[in-house]
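# Chain and residue survey
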Amino acid sequence: MAATDRYRQHHNELDALFNKVVHQLHNPVGDKWAHDTTRLLSEFTARLSTHLSVEDNTLYPNLLASGHADLVRMATHYKAEMGNLYGSYMDFWKRWRSAAQLQKDTGDFLKEARAIFSTLRARIEREDRELYPLADRVLH
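Since we're looking at a predicted model, the values are computed, not measured.

Parameters at a glance
Residues numbered from 1 in each chain as written. Predicted model: local features only at pLDDT ≥ 70, side-chain atom pairs only at ≥ 80, totals over all residues. Heavy atoms only, no water. Salt bridge = Lys/Arg side-chain N within 4 Å of Asp/Glu carboxyl O. Helix = DSSP H or I, 4+ residues; strand = E, 2+ residues; numbered from the N terminus. Buried < 20%, exposed > 50% of the residue type's maximum accessible area, 1.4 Å probe, protein only. Lys, Arg positive; Asp, Glu negative; His and termini not counted. Contact = heavy atoms within 4.5 Å. Phe/Tyr/Trp six-rings, centres within 6.5 Å; stacked < 30°, edge-to-face > 60°. Core = buried A, V, L, I, M, F, W, Y, C linked by side-chain atoms within 4.5 Å. Axes fitted to C-alpha atoms, helices over the stretch in contact; angles between N-to-C directions. Parallel < 35°, antiparallel > 145°, perpendicular 65-115°, else oblique. Left-handed = near helix turned anticlockwise from the far one by under 90°. Nonpolar A, V, L, I, M, F, W, Y, C, P; charged D, E, K, R; others polar.

### Some points on the pattern of salt bridges
Applying the stated rule across the entire model yields twelve salt bridges. Ionic pairing is found between Arg39 and Glu43, a salt bridge with its closest N-O pair at 3.9 Å. With Arg39 and Glu43 both in helix 2 (residues 30–64) and four residues apart, the pair spans about one turn of that helix. A single salt-bridge network, built from bridges that share partners, covers Glu81, Arg123, Arg126 and Glu127.

### Topic: the environment of Ser88
Summarising the element assignment, Ser88 is placed in helix 3 (residues 69–96). In this structure, the C-alpha to C-alpha distance between Ser88 and Ile116, residues 28 residues apart in sequence, is 7.9 Å.

### Quick notes on the side chain of Glu55
Locating Glu55 in the fold gives a position in helix 2. Buried within the structure, Glu55 lacks any salt-bridge partner; its nearest side chain of opposite charge belongs to Arg123, at an N-O separation of 5.1 Å. For Glu55, the residues in contact, after removing those within four places along its chain, are Tyr7, His11, Tyr60, Pro61, Glu127 and Tyr132.

### Re the packing of aromatic side chains
The way to describe two aromatic rings as a pair is by their centre distance and the angle between their planes. Using the criterion set out here, one finds eleven aromatic pairs in the structure. Consider the rings of Tyr7 and Tyr132, whose centres lie 6.4 Å apart with planes at 55°: the pair is tilted. Of the two residues, Tyr7 sits in helix 1 (residues 5–24) while Tyr132 sits in helix 5 (residues 106–139), which places them 125 residues apart along the sequence. The pair Tyr7 / Tyr132 is uniform in exposure class, with both members buried. Arranged with centres 5.9 Å apart and planes meeting at 20°, the rings of Phe92 and Phe109 form a pair that is stacked. With Phe92 in helix 3 and Phe109 in helix 5, the pair connects residues that are 17 residues apart, well separated along the chain. In this structure Phe109 comes out as buried when scored by relative accessible area, which is 0%.

### Some words on the nonpolar core
Judged by nonpolar contacts, the single largest core of 28 residues is most densely connected at Leu41, Phe44, Tyr89, Phe92, Phe109, Phe117 and Leu120. Counting residues per element, the ones that place at least two in this core are helix 1, helix 2, helix 3, helix 4 (99–104) and helix 5. Aside from chain neighbours lying at most four places away, what touches Phe109 is Leu25, Trp33, Thr37, Leu41, Phe92, Trp96 and Leu102. Formed by twelve residues, the second largest nonpolar core is a distinct cluster that contains Val54, Leu63, Leu131 and Leu134.

### Quick word on the packing of helix 2 against helix 5
Relative orientation and spacing of two packed helices are given, respectively, by the angle between their axes and the distance between those axes. Between helix 2 and helix 5, whose axes approach to 13 Å, the crossing angle comes to 25°. Considering the angle they form, helix 2 stands roughly parallel to helix 5. The chirality of how helix 2 crosses helix 5 is left-handed. Where helix 2 approaches helix 5, its residues Trp33, Thr37, Leu41, Phe44, Leu48, His51, Glu55, Leu59, Tyr60, Asn62 and Leu63 are matched on the opposing element by Thr106, Phe109, Leu110, Phe117, Leu120, Arg123, Glu127, Leu131, Tyr132, Ala135 and Leu139. Here the contact of helix 2 with helix 5 is built from residues that sort into 15 nonpolar, four polar and three charged.

Structural data, given as structure tokens:
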């Protein structure tokens, strides 16, 4: 078992939720759409928060304690970057967690949702492509 298997599984779960959210953004009409969207956003937010908590409390301390210069440098950068990104996501979530707000400002919501989810997805893909392979080699 690789050191990052647990976190990769979390990424797979988040990716499935990404796909649901993105699909939901294609037909923004009506009360049901707004309620379904807020439910999906709640589910995504809970899953993302759990994943980041586990990473922050287990993975990143191990990476930073590895003594491997490249891994420590990369982990430090990723940890700082995610803190800022998570803050931006939580600001987004606070603005758009109500179905009424989604219906009131659908255009703004769609614009912000597409931007934040694109940024989050790119970040997760970079972790999978860059950070996790190095962590697996070093921490084996």
